[in-house]
Amino acid sequence: MQSLLTIEMSQMSVAERIQLAEDLWNSILSGPEGLPVTELQKEELDHRLERHSQNPEAGSSWEIVKERLNNQQ
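Residues numbered from 1 in each chain as written. Predicted model: local features only at pLDDT ≥ 70, side-chain atom pairs only at ≥ 80, totals over all residues. Heavy atoms only, no water.

## Details of the overall build of the protein
Helices and strands together make up the secondary structure of the protein, namely four helices and zero strands. N-terminal to C-terminal, the α/β element order of the protein is α-α-α-α. At 19 Å, the protein has a C-alpha radius of gyration far larger than the 11 Å of a compact globule built from 73 residues. C-alpha atoms of the protein, sized along the principal axes, occupy 55 × 35 × 20 Å. (Helix = DSSP H or I, 4+ residues; strand = E, 2+ residues; numbered from the N terminus. Rg over C-alpha atoms; globule rule 2.2 N^0.38 Å.)

This is the structure:
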């Protein structure tokens, strides 16, 4: 048996479903408890921040990374 939400979603356009997904994701992220971060993840983020502070030119910008990924396809 299909849920009411599934039936309603099947009647939505692709654009409306994408907007619904974005709204749902934003509602999850709206509070600090949205996506819990483990201690290991916190340590890794601290480590990466420290490495960046020591040598900010060592990494690549998101634009460059995205371009590299697009060129691989």
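## Observations regarding the layout of surface pockets
Sizing a probe to match a water molecule and rolling it over the atoms shows the empty space that remains. Of the pockets and cavities examined, the largest pocket occupies roughly 170 Å³. Around the largest pocket, the lining residues are Arg-48, Arg-51, His-52, Asn-55, Pro-56, Ala-58 and Gly-59. Tallied by class, residues from the lining of the largest pocket come to two nonpolar, three polar and two charged. (1 Å grid on protein atoms, 1.4 Å probe; cavity = no way out; pocket = protein on both sides within 12 Å on 5 of 7 lines; lining within 4 Å. Points joined across faces, edges and corners; volume = space filled by probe spheres on them. Nonpolar A, V, L, I, M, F, W, Y, C, P; charged D, E, K, R; others polar.)

## So, the confidence of the model for the protein
Atom-level detail of predicted coordinates should not be read off regions where pLDDT is low. Residues with a pLDDT of 70 or more make up 95% of the protein, whose mean pLDDT is 87. Looking at the elements of the protein, mean pLDDT is at its lowest for helix α1 (residues 4–10), recorded as 79, and at its highest for helix α3 (residues 39–54), recorded as 95. (pLDDT = per-residue confidence, 0-100.)

## Details of the pattern of salt bridges
This structure, assessed with the given rule, holds two salt bridges. With its nearest N and O atoms 3.5 Å apart, the salt bridge here joins Glu-39 to Lys-42. In this pair, Glu-39 and Lys-42 both sit in helix α3, three residues apart, roughly one turn of the helix. Taking the relative accessible area as the measure of exposure, Glu-39 reaches 52% and is therefore exposed. (Salt bridge = Lys/Arg side-chain N within 4 Å of Asp/Glu carboxyl O. Buried < 20%, exposed > 50% of the residue type's maximum accessible area, 1.4 Å probe, protein only.)

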